[in-house]
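The lines below spell out each chain.
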Amino acid sequence: MASVELAEVVRRYGAFRAVDEVSVEIRDGELFTILGPSGCGKSTLLRIVAGLDRADSGDIRIGGKLANSAEPAARDVGMVFQNYALYPHLTVRENVAFGLRVRKVPRREADRQVDEIAAILEIADLLDRKPRQLSGGQRQRVALGRALVRRPSVLLMDEPLSNLDTLLREKMRVEIRRLHNRLGLTTIYVTHDQQEALAMSDRVMIMNRGRVEQVGPPLEVLHEPSTEFAARFVGSPPMNLIRMQVHEASETQVTLQAVDGDGAWVQGPASGALACGQQFWVGVRPADLDVSPTAGTRSGLVVPVVMDVAELARDGVLLHCSYAGRNVVATAGAGDPIPALGERTLVSAPWGSLTFYGCDDGRRVRATGVSVRWPEPATAAASTSWAPGDPYGDGGLGGDAR
Amino acid sequence: MTLVRGDVAPATDVTTPDPGRAPGSHRSRPGFGRFAGYLLVMPALGILTLFFYVPAAFLFVMSFYHWNLFGGSAFAGLANFDVLFHQPLYFKSLLETAYFVGVMVPVDALMGLALAMLLREGFRRSRAGGLGRALVFLPHVTPVVATSVIWAWVFNPRYGLANYLLHLVGAPQPGWLDSATWALPSVMIYSIWHSVGYYAVFFLAGLAMVPDTVVEAARVDGASSWQTFRRVVAPLLSPTTFMVLILGTVNSMQTFSQVYTLTGGPHGGAGGPAFSTSTDALLIYNTAFIYQHLSLAAAMSLVLFVILITITAIQKRLSRRWVFYGGTER
Ligand SMILES: Nc1ncnc2c1ncn2[C@@H]1O[C@H](COP(=O)(O)OP(=O)(O)OP(=O)(O)O)[C@@H](O)[C@H]1O
Ligand SMILES: [Mg+2]
């Protein structure tokens with residue numbers, strides 16, 4: 001077992017940076033997910049860790065040892081590829097045993113180890129088949145077995161479940177987590193599916209355009225996105241973001257108005273001077289939005305909207321409203337009145353539920369004078385985040401909402 | 001299986017549309033469909049018949065006759081074969097052909113594979129890949145007769161390029177086409193130059209079918225380059241290798257033009273010094289058109305044909321043991 005440290009890793013294709021100064025430490029024994037949209041550099045980063053690709057600059061340490069130019073074989077990593085990449089001409093047993101056999105492990109010893117891993121993965125009865133005689137889920141297990149049989153110190157998985165159907169995917173992700181609990185391997189898991197990432201990881205890294213946006217335990221990433229991108233990306237539905245600028249600011253009070261569109265405003269206490277005209281992205285979670293024709297608040301956010309579509313979600317109704325041509329999503333709890341299509345109404349949220357992101361760098365604002373909500377770290381962070389049930393309290397993980 | 005009404009409708013019934021068949025499929029017009037196939041293969045079949053099947057059948061018949069171009073042919077039974085198998089020159093030519101084929105096939109295959117792998121690795125990230133492929137393939141599209149004249153100069157013992165280069169490095173200079181030992185190897189060198197690009201293209205196509213991720217998986221699994229090649233790439237390439245071996249055997253066993261141009265005619269008439277390049281194809285030509293023994297030549301062709309069929313059948317049978325026909329799932 002080993003930790004994996006990346007320090008300012010850069011991978012360029014021409015002028016384009018597929019991986020842009022990524023620095024992160026993956027701890028010994030943790031299940032670490034890299035989450036991000038398609039093309040953000042997840043696979044590239046994983047291949048750099050595996051040694052299948054070279055970083056143009058930066059350092060990779062595996063188990064404390066510098067591995068920048070080490071061959072994959074020397075890195076002691078196992079990898080599960082997105083399309084499984086099984087050896088089509090070999091039986092399942094030969095596939096799994098391949099890494100042992102090329103290392104000159106005697107056949108009987110190899111067989112014993114294959115049988116052992118096959119029992120764990122429940123593929124013992126498939127050992128004599130060829131890959132093309134297997135279903136997608138079975139291939140996935142075989143690929144996992146092949147990666148695990150050598151007991152590598154780091155396990156890398158590149159979207160291993162993306163070719164499976166939803167049900168099987170949900171089943172397999174629990175199994176992978178169970179396996180991880182059992183074997184305790186340092187695991188780097190790449191996915192573009194946030195549910196998967198949030199459900200199974202110890203920590204999640206959100207990537208965008210080759211850069212790290214946020215690293216943290218699932219609950220933290222879900223509840224406290226630290227950049228504008230993370231706020232837009234995580235949660236289903238994710239946060240609403242409205243661009244606003246400071247309209248009036250005094251020592252104790254600040255008022256912001258929407259940059260485009262009319263009538264949306266934010267008012268709240270401020271501690272320190274803000275310049276008029278300074279712009280922010282104001283983020284508000286759908287669950288924190290209250291829909292009512294009369295806003296009862298004098299502090300917080302108020303947005304006049306037109307009701308559009310009501311969508312049934314697992315734990316409530318999602319109200320899609322429009323404001324200045326944009327979609328604003330609010331969650332209505334059971335029993336809340338639902339406005340009729342085209343009805344004008346107001347959505348509002350208390351000051352304390354708002355998050356501010358700088359318009360220039362997209363970072364969450366904490367020190368510029370706007371006092372921003374920073375909730376207590378959620379109770380169960382990191383430890384049992386994958387536990388069954390809905391650990392996300394606010395229903396941010398609609399089972400079918402994506 | 002339950003029978004639907006449409007299933008039992010007679011196939012020849014063209015008047016009522018068949019409900020069992022998807023509308024719009026070409027089968028819904030049996031009148032056209034039935035003949036379209038024949039119609040489409042007709043030109044090819046016609047050409048094959050005219051230029052291949054008819055002459056082949058003719059040759060087959062001829063080999064059992066004393067054939068005379070100017071009339072007076074008579075049935076000869078196995079007499080031609082009897083003469084043939086008592087001809088030391090014929091056996092010598094079979095041995096020379098075996099020597100030629102035995103060198104050409106493995107060298108073509110190995111060098112073709114090596115070239116393909118070099119091209120693939122060397123040009124993996126480069127736009128020059130197409131140019132590289134074209135250059136490698138180029139010799140194969142040059143006319144044999146034209147390029148072997150150039151190579152005849154290369155092999156000239158006194159002012160040829162080969163011996164000039166050998167002279168520069170101080171190596172012994174063989175007599176090439178004038179030497180009974182070196183004449184056939186000279187033809188081989190030319191033939192490899194001419195054909196290796198052809199086989200390299202096959203291997204390039206074969207290598208393109210080997211998924212990159214499977215090779216990467218082997219690297220992560222800890223396989224060395226040789227182990228990756230031996231245990232992953234080679235098995236996945238085996239259908240290509242098999243095809244190259246079959247084609248190589250068939251092509252080199254029938255090699256004629258370069259043998260004729262380099263060592264026939266002006267270079268000693270009958271195929272090299274002391275008949276040293278008198279391969280089967282050349283001997284057939286000489287027998288038919290120089291010695292004017294048409295039926296003897298026909299008999300030799302028939303034997304060559306039987307040898308080819310037999311070798312191919314054996315290769316095909318052996319292939320079951322080493323060729324992987326599974327294909328790759330993406
Ligand atoms: N060989 C290459 N040449 C040029 N650009 C490349 C190359 N390989 C990858 N890229 C670019 O690098 C970026 C990152 O690619 P990468 O495969 O890491 O994305 P990803 O996050 O894994 O996406 P996905 O979720 O779709 O697999 C992409 O924008 C891609 O276009
Ligand atoms: Mg990818």
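Attention here is on the structure that accompanies the text. Quick caveat, the model's predicted, so the values are computed rather than measured. (Residues numbered from 1 in each chain as written. Chains lettered and ligands numbered in written order. Predicted model: local features only at pLDDT ≥ 70, side-chain atom pairs only at ≥ 80, totals over all residues. Heavy atoms only, no water.)

**A closer look at the nonpolar core**
By size, the foremost hydrophobic cluster in this structure holds 57 residues, and its most contacted members are A:Leu6, A:Leu45, A:Leu156 and A:Ile188. The biggest single contributor to this core is helix H10 (residues 225-253) of chain B, with 6 residues. Apart from residues lying up to four places away in sequence, A:Ile188 is in contact with A:Val4, A:Ile26, A:Phe32, A:Ile34, A:Leu46, A:Val49, A:Leu155, A:Leu156 and A:Met157. Formed by 35 residues, the second largest nonpolar core is a distinct cluster that contains A:Leu86, A:Ala143, A:Val149 and A:Leu164. (Core = buried A, V, L, I, M, F, W, Y, C linked by side-chain atoms within 4.5 Å. Buried < 20%, exposed > 50% of the residue type's maximum accessible area, 1.4 Å probe, protein only. Helix = DSSP H or I, 4+ residues; strand = E, 2+ residues; numbered from the N terminus. Contact = heavy atoms within 4.5 Å.)

**What about the interface of chain B and chain A?**
When the parts of a complex come together, some accessible area is lost, and that lost area is often taken as the interface size. Between chain B and chain A, the residue contacts involve 21 residues of the former and 28 residues of the latter. Between chain B and chain A lies a buried interface of about 2200 Å² when both sides are counted; carbon and sulfur atoms form 55% of it. There are 3 salt bridges connecting chain B and chain A. For the pair chain B and chain A, the number of links is 11 residue pairs in polar contact (both at pLDDT 80 or more). Among the elements of the structure, helix H9 (212-220) and H10 of chain B are those that each provide at least two residues to the side of chain B that touches chain A. A total of 7 residues in the side of chain B that touches chain A trace back to one element, the largest contributor, which is H9(B). Considered class by class, the residues forming the side of chain B that touches chain A number 9 nonpolar, 6 polar and 6 charged. (Buried area = accessible area lost by both parts, 1.4 Å probe. Salt bridge = Lys/Arg side-chain N within 4 Å of Asp/Glu carboxyl O. Polar contact = N/O pair within 3.5 Å; in protein donor to acceptor, adjacent residues only side chain to side chain. Nonpolar A, V, L, I, M, F, W, Y, C, P; charged D, E, K, R; others polar.)

**Examining unusual backbone geometry**
In terms of backbone geometry, most residues other than glycine have negative phi values and most peptide bonds are trans. Residues and elements named next belong to chain A. Going from Ser 236 to Pro 237, the amide bond is cis rather than trans, its omega being 0 degrees. Along the chain, Pro 237 falls in the loop between helix H9 (228-233) and strand S11 (240-249). One non-glycine residue, Ala 85, lies in positive phi territory at about 50 degrees. In this fold, Ala 85 is placed in the loop between strand S6 (77-80) and helix H3 (92-101). Accessibility expressed as a relative area gives 4% for Ala 85, which makes it buried. Its identity is not glycine, yet Glu 159 carries a phi of approximately 40 degrees, on the positive side. You can see Glu 159 is positioned in the loop between strand S7 (154-158) and helix H6 (166-183). You can call Glu 159 buried: its relative accessible area is 9%.

**Structural notes on the packing of aromatic side chains**
If you walk through the whole model with that rule in mind, you get 28 aromatic pairs over all chains. On the basis of an interplanar angle of 40 degrees and a centroid distance of 4.4 Å, the ring pair of A:Tyr87 and A:Phe98 is categorised as tilted. In this pair, A:Tyr87 sits in the loop between S6 and H3 while A:Phe98 sits in helix H3, placing the two residues 11 residues apart along the sequence. An identical accessibility class is assigned to A:Tyr87 and A:Phe98; each is buried. An angle of 75 degrees between the planes, with centres 6.1 Å apart, marks the rings of B:Trp151 and B:Tyr190 as edge-to-face. (Phe/Tyr/Trp six-rings, centres within 6.5 Å; stacked < 30°, edge-to-face > 60°.)

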